[in-house]
Amino acid sequence: LKKGDFTPAELEEKLLSTLGRKSKLTPRFAELLRVLLSADRSFEREELKKALVDRGIAEDAGQAGHFLSNLSQFLTKKSNPHLRQLITFEGGSRPGEVKDQIRIVPECRALVDRVLKIWQERTSGLQDTA
């Protein structure tokens, strides 16, 4: 899978754009990023499933597994090399293959955290005006 080779400013812009998509996947992706930011280490698939349930994103482990599959496909989508520049994983180099040991690239953690906060502020602002 091709990883992006973007500058930090380009990565920030691309991640903001990704989070700006109107999709059911977007809040799940944002929560995945929050989980990955919770510790500077790799997370196993089972840990991520449990975290999605614990955080109320999924009702049970089965639904969490389904959501992780969708997120996995999103990470390997040809049009998302910027995500592969930000997030690393083992396995899953082909569609349908399980990814494990998922983490945010250490030097990108601050950027991802900053973008998530910007996105959250924008999202909260939109809800306040509705």
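Residues numbered from 1 in each chain as written. Predicted model: local features only at pLDDT ≥ 70, side-chain atom pairs only at ≥ 80, totals over all residues. Heavy atoms only, no water.

**Side note on the nonpolar core**
To keep things clear, this is the line we draw: Nonpolar cores were defined as sets of buried Ala, Val, Leu, Ile, Met, Phe, Trp, Tyr and Cys residues, with membership established by side-chain atoms within 4.5 Å. Buried residues are those whose accessible area, probed at 1.4 Å on protein chains only, stays under 20% of the maximum for their type, while exposed residues exceed 50% and partly exposed ones sit between those limits. Secondary structure follows DSSP: runs of H or I at least 4 residues long count as helices, runs of E at least 2 residues long count as strands, and numbering of each begins at the N terminus.
Core analysis: the largest hydrophobic core is formed by 36 residues, its most contacted members being Leu15, Phe29 and Ile87. Of all the secondary structure elements, the ones that give two or more residues to this core are helix 1 (8-19), helix 2 (25-37), helix 3 (45-54), helix 4 (61-76), helix 5 (81-86), strand 1 (87-91), strand 2 (99-104) and helix 6 (109-129). Broken down by element, this core gets its largest block of residues, eight residues, from helix 2.

**Considerations on the environment of phenylalanine 29**
If you trace the backbone, phenylalanine 29 turns up in helix 2. The buried category is assigned to phenylalanine 29, whose relative accessible area is 2%. Along the primary structure phenylalanine 29 and arginine 45 are separated by 16 residues, whereas in three dimensions their C-alpha atoms are 14 Å apart.

**Details of the side chain of asparagine 80**
What counts here: Residues adjacent in sequence count toward polar contacts only when both atoms are side-chain atoms; beyond that, a polar contact is any pair of N or O atoms within 3.5 Å, and within protein one must be able to donate a hydrogen and the other to accept it. Any two residues whose heavy atoms approach within 4.5 Å at even a single point are treated as in contact.
Topologically, asparagine 80 is positioned in the loop between helix 4 and helix 5. With a relative accessible area of 6%, asparagine 80 lands in the buried category. Separated by 2.8 Å, the side chain of asparagine 80 and the backbone oxygen of phenylalanine 74 make a polar contact. Setting aside anything within four residues of it in sequence, one finds asparagine 80 in contact with Phe74 and Leu75.

**Overview of helix 3**
Quick note on the threshold: As used here, the arc belongs to the directions running from the helix axis to the C-beta atoms.
Where helix 3 is concerned, the buried positions are Arg45, Leu48, Lys49, Ala51 and Leu52. Down the axis, helix 3 shows its buried residues gathered within 165 degrees of arc, on one side only. Among the exposed residues of helix 3, those pointing more than 90 degrees away from its buried face are Glu46, Lys50 and Asp54. If you follow the buried residues of helix 3, they end up packed against helix 2, helix 4 and strand 2.

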